[in-house]
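Chain residues, written in single-letter form:
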Amino acid sequence: MTTSLPQGRRQFIKSALGTASALTLAKIAPAWAYPTGRSYGDVIHADQAVDLVIRRENQTIAGLSGRPITINGSMPGPLIRLKEGQRARLNVTNGLNEDTSIHWHGIILPENMDGVPGVSFPGIKPGETFHYEYEVQQNGTYWYHSHSGLQEQLGHLGPLVIDSADGDIGADREHVIILSDWTFEDPYEVFRNLTVAEGYYNYQQRTLGDTLADIRRQGIAKTWEERAMWNRMRMSARDILDVTGSTYTYLINGRDNATNWTALYKPGEQVRLRVINGSAMSFFDFRIPGLEMTVVSADGQPVKPVTVDEFRIGVAETYDVIVTPQGNRPYTLFAESMDRSGYVRGTLATQLGQAAPVPELRPVPERGMAAMGMSHAMGDMQSSGSESSMEDHAAMSHRPGPMTSGRQRPSAPDLGIQHAPGGHGPAAAMIARNPVSRLNEPGVGLEDVGHRVLVYGDLVGAHPWPDEHEPARNIELHLTGNMEKYMWSFDGEKYSEVDGPVAFRHGERLRLIMVNDTMMDHPIHLHGMWMELENGQYPRPRKHTISLKPSEVVSLQISADALGSWAFHCHLLYHMKAGMFRVVNVS
Amino acid sequence: MRKLNTVISLMLAGMSAPLLAGHAEEHWPEPVKPYRTGQVLFDRLEVARTDNDDDLIVWDMLAWYGGDRNRVYFKSEGENQRDDGEPSELESAEVLASRLIAPFWELQGGLGTRGSMASGADRENYLVFSLFGLAPYRFEMDNSITINEEGDITANLEAEYDLRLSQVSYLQPRLEVSAALTDADAYDRPSGFNDLRVGLRYRHELSREFAPYLGVYWSRALGNKADRIRAQGGDESTLGVVVGVRMWF
């Protein structure tokens, strides 16, 4: 992969970067994320084979010494640029002392190239090289990562961008932004902490002081009612993310806040930002104060442009936005973790060294009533011990938010939901009695931000997809969990407890209905096939990863056109590790 | 898992040959491996000074190993009175098999022993069943029934609650009640309620794993046991202050 720079671009780099040495540059950005980004018209040769070497090595991360997994010497790994219609040839060499793998996230390819050890291939042994080879049938913003153990948490990931056949990027310049969460702890230690000590990383729990403040604000009776509901269920309204900024350093293109990764623009240019959430456990809320963003692509697939001020990006999702920065001023690229325990920022500027004000972290959000600002707003959930019932929160959610993108948001279809008789056993601490569509809700902490926040209901596919058959059957799966024991599963059964794969018939069109019976948000990823989200819009947007809010039901249309076995799982790394994983078999 | 692989293999076998080429599924690793871990937790490791000027060292610990549904537990409680020349008094040492029977509850069964830790001491051995977990309103509970070799039955209830004062500090009320369903004179346990112990501890986490605390407790003999102590001219209630640490690894 080589890039040849036209004369004009060289001059731009020269003037923008001044006398910065190559060494300085390497510190502020990985080679592929140089501040100049890529202007329309740059030539990318991706027709040669790409060699990737996976190693574990010492690197400076946020000014401290860490030991991430690197790909070709960098963490995150290099930007791989392919072109629609080419044959991708990627040689991955394992320099670790354990097995590894690379999964090409969101890429339609043959089963044996999907890179999931135990499902699509045996994995890559230490010292071995695996040759991935497939026809590139799509374009857009994607990423790649290890599917072995907890390697992703060590930074075994990178961006993957596929140019359209005509090379048009739909903007004057583009920057790739991959967000990730780094910890200096051993990922297996993180997992054990979650397993043996619930709330280990949560330093934002409610305290006595919060309860006293509630009593002053709303009286004893109502406070008791609220607290009693949560405490009967033995759950926390402040369980937003399992692993938080208390251990994570959030990174933008591998760089921390102090480094201030910077993307350059020229005033008046349209700049495409390809935003990838490559983190292990962190949902981010992304905004650029002072700039509106026009979302043009979701999970690499084009959508009708929709202009917003902020979007939430679930783990493994990607969004492409177009921004048109004006003047000579810098703008802060701000990615705040969903639980407000931390953030990472970068800068969009006309010159290196510029910075704009960095927003404060917003208050810690709380699930349920308080966050909705109304009484009885909690979900209609029942702990499976059946001691309690709660009133419906999501029923209120159909109200339009105070600020919308302006797009009509029809409601998603109504679906009849079946719960297993008697619930889902000990693996499910809760079932959603009355799950509803929450596609038009921005999500916890974003309800009243006072500006336009993207919701799934805003996404409209840029064009219809080839298979328009009405699904002939429904498959229903429930997302289940027990935070106390850190059990995560589908239908109350961990991967190690299920009898066999979820069976799709080759060539069929089916509807996958998912119900989130937990208090957490989950990004659910299907390998090998697209999921068309039934959000009431036409054409439907299609996604590789769909985030579900607590007590939400979503439905997706799938064309089972990819023979073989495919992974299907929650993309929160430790949820997958705990067993929230299935194999889908298409035969 | 072998079963799943077989199912997948059979399904794949029905498909076109090229897909199978080069695949050796039996040798493939699991995509997600079952996970087991363990923990050693000293819920209370403390020195106590009573209103009778006794100095005690008290422990209340458990250790477990296993997955999320099935675990093996070792639990022990006991105390050593300093300068009394006696060996430690073992309130309980139990080995239990545990099964998660509801989202917040484990049912445990096993064997235990209690009595003096002196070598050659005649300890009481017993069968134990526990309901261990988190009750609504987040009360941590360990309720157990024991049956010794003579058929004497006891019931014990332990409940703790963590009131969060800050992100790292807690006020922890604690309640312990024990009763005997049968007269066990050999072990000084008349039938009926025997002991009540309440405590209040303020705990501060230096880390999640290591949290020193200060506290007070009050214990009182009940029912027939109290009568007996009074008849012997003893004091049926004790007040104590404690300094200790809750720690796990």
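Position labels on residues start from 1 in each chain and follow its written sequence. Chains carry letters from A onward and ligands carry numbers from 1 onward, assigned in written order. Where totals are concerned, whole chains, interfaces and linings use all residues; where local detail is concerned, this predicted model gives features only for residues with pLDDT of at least 70, and gives and counts side-chain atom pairs only at 80 or more.

Let's shift gears to the overall build of chain B. Helices and strands together make up the secondary structure of chain B, namely three helices and 13 strands. For the radius of gyration, the atoms used are the C-alpha atoms, and the globule rule reads 2.2 Å times the number of residues raised to 0.38. A compact globule built from 249 residues would reach a C-alpha radius of gyration of about 18 Å, whereas chain B, at 24 Å, exceeds it by more than 25%. In terms of overall dimensions, chain B has C-alpha extents of about 90 × 45 × 35 Å along its principal axes. The buried share of chain B, reckoned over its 249 residues, is 23%. Restricting to contacts in chain B with at least 6 residues of sequence separation, those with at least 24 account for 41%. The helix count covers DSSP runs of H or I at least four residues long, the strand count covers runs of E at least two residues long, and both are numbered beginning at the N terminus. Remark: C-beta atoms are placed from the backbone, and a residue is labelled buried if 20 or more other C-beta atoms sit within 10 Å of its own, exposed if 12 or fewer do, or partly exposed between those counts. Contact definition: two residues whose C-beta atoms, as placed from backbone geometry, lie within 7 Å.

The helix and strand tally for chain A stands at six helices and 37 strands. Counting the 587 residues in chain A, one finds 56% classified as buried. A separation threshold of at least 6 residues defines the contact pool for chain A, and within that pool the share at least 24 residues apart is 77%.

All names here are of chain B. In this structure, strand β3 (residues 70-81) lies alongside strand β4 (residues 89-102), joined through ten bridges in antiparallel fashion. Across the sheet, residue S76 finds its bridge partner in β4, namely A93. The pairing of β4 with strand β5 (residues 105-116) spans eleven bridges and is classified as antiparallel. Along β5, the bridge assignment pairs A93 with T113. Paired strands, as defined in this entry, are two strands with at least two bridges between them according to DSSP. Hairpin connection from β4 to β5: two residues lie between these consecutive antiparallel strands.

At the interface, 47 residues of chain A touch 37 residues of chain B. Any residue outside Ala, Val, Leu, Ile, Met, Phe, Trp, Tyr, Cys, Pro, Asp, Glu, Lys and Arg is labelled polar, Gly included; the first ten of those are nonpolar and the last four are charged. When grouped by side-chain class, the residues that make up the side of chain A that touches chain B number 21 nonpolar, 16 polar and ten charged.

Turning our eyes to something else, we now look at helix α3 (residues 187-196) of chain A. Among all positions in α3 of chain A, only V190, F191, N193, L194, T195 and V196 of chain A are buried. Contacts from the buried residues of α3 of chain A go to β14 (173-183) and α6 (573-578) of chain A together with β1 (37-50) of chain B.

A few words now on the sheet that holds strand β4 (residues 50-56) of chain A. Residue and element names in this part refer to chain A. On the basis of which strands lie adjacent, the open sheet formed by four strands has the order β7-β4-β9-β11 and mixed pairing. Bordering the open sheet on either side are β7 (69-71) and β11 (129-135), each of which pairs with just one other strand. Here the strands of the sheet are splayed against their neighbours by 20° on average, with no regard to which way each runs. Structural elements are reduced to axes, namely lines fitted to C-alpha atoms, with helices fitted over the stretch in contact, and the angle between N-to-C directions of any two is expressed from 0 to 180 degrees.

We define the nonpolar core as any set of buried residues of the types Ala, Val, Leu, Ile, Met, Phe, Trp, Tyr and Cys, connected via C-beta atoms lying within 7 Å of each other. With 156 residues, the main nonpolar core has I177, L179, V295, A335 and M514 of chain A as its most contacted residues. Residue contributions to this core peak at five residues, all from β14 of chain A. Both domain 1 (2-186 + 248-349) and domain 2 (378-408 + 416-587) of chain A contribute no fewer than three residues apiece to this core. W64, Y73, Y126 and V128 of chain B belong to the second-largest nonpolar core, a separate cluster that totals five residues. Just so you know, the domain bounds were taken from an automatic or database domain assignment.

Take the sheet that holds strand β34 (residues 545-548) of chain A next. All names here are of chain A. Strand order in the open sheet made by the five strands is β29-β37-β36-β31-β34, with mixed pairing throughout. With partners counted over all chains shown, the strands left at the sheet margins are β29 (502-504) and β34, one partner each. Averaged over all pairs of adjacent strands, the angle between strand axes in this sheet comes to 20°, irrespective of strand direction. As paired strands, strand β31 (residues 522-526) and β34 are joined by four bridges and run antiparallel to one another. Each residue of the ladder has a partner; that of P523, found in β34, is S547.

This paragraph deals with the domain arrangement of chain B. When the parts of a complex come together, some accessible area is lost, and that lost area is often used as the size of the interface. The domain architecture assigned to chain B consists of domain 1 (1-33) and domain 2 (39-248). Computed over C-alpha atoms, the centres of domain 1 of chain B and domain 2 of chain B are 51 Å apart.

Take E441 of chain A: it is sitting in the loop between β26 (430-432) and β27 (473-482). Placed 58 residues apart in sequence, E441 of chain A and D499 of chain A show a C-alpha to C-alpha distance of 36 Å.

All names here are of chain A. Of the two faces of strand β21 (residues 310-313), both are covered, the one formed by E310 and R312 as well as the one formed by F311 and I313. Note: strand β18 (residues 284-287) against β21, four bridges, orientation antiparallel. Pairing of R287 across the sheet is with E310, part of β21.

In this structure, the amide linkage connecting M75 of chain A to the following residue, P76 of chain A, adopts the cis form with an omega of -5°. You can see P76 of chain A is positioned in the loop between β7 and β8 (80-83). For the bond running from Y538 of chain A to P539 of chain A, omega is -5°, close enough to zero to count as cis. You can see P539 of chain A is positioned in the loop between β32 (531-533) and β33 (542-543). Residues other than glycine seldom take positive phi values, yet R340 of chain A does so here, at roughly 65°. In the Ramachandran plot, Y137 of chain B falls in the positive-phi region, its phi being about 75° despite a non-glycine side chain. Tracing the backbone shows Y137 of chain B in the loop between β6 (124-135) and β7 (139-148). A residue is classified by how many C-beta atoms lie within 10 Å of it, and Y137 of chain B, with 14 of them, is partly exposed.

Looking now at the confidence of the model for chain B. Residue and element names in this part refer to chain B. Here chain B averages 89 in pLDDT, while 90% of its residues score no lower than 70. Residue range residues 6-24 is modelled with pLDDT below 50. Its contacts to residues more than four positions away, or to other chains, number 19 contacts. Of the two predicted TM-score estimates for the complex, the pTM is 0.90 and the ipTM is 0.88. Every residue carries a pLDDT, the predictor's confidence in it, which falls somewhere between 0 and 100.

Another aspect to go through is the domain arrangement of chain A. Residues and elements named next belong to chain A. Each assigned domain of chain A is listed here: domain 1 (2-186 + 248-349) and domain 2 (378-408 + 416-587). Taken together, the 34 residues of domain 1 in the interface contact 38 residues of domain 2. Broken down by secondary-structure element, the contributors of at least two residues to the side of domain 1 that touches domain 2 are β19 (293-298), β20 (301-308) and β21. Looking at the side of domain 1 that touches domain 2, the element that brings in the most residues is β20, giving seven residues. Looking at the side of domain 1 that touches domain 2 residue by residue, the class counts come to 16 nonpolar, seven polar and eleven charged.

All right, on to the environment of G342 of chain A then. All names here are of chain A. Here G342 lies in the loop between β23 (331-337) and β24 (343-349). Considered as a pair, G342 and T244 are 98 residues apart in the sequence and their alpha carbons are 7.6 Å apart. Dropping the residues within four chain positions of it, G342 is found in contact with G245, Y248, Y250 and S337.

Looking now at the confidence of the model for chain A. Per-chain confidence: chain A averages 88 in pLDDT, with 88% of residues scoring 70 or above. Across residues 370-402 of chain A, confidence stays below pLDDT 50; counting only partners more than four residues off in sequence or on other chains, it has 83 contacts.

Turning next to the environment of S116 of chain B. Residues and elements named next belong to chain B. Within the fold, S116 resides in strand β5. Taking the C-alpha atoms as reference, S116 lies 34 Å from R138; in sequence the two are 22 residues apart. With residues near it in sequence (within four places) discarded, S116 still touches P87, E89 and A121.

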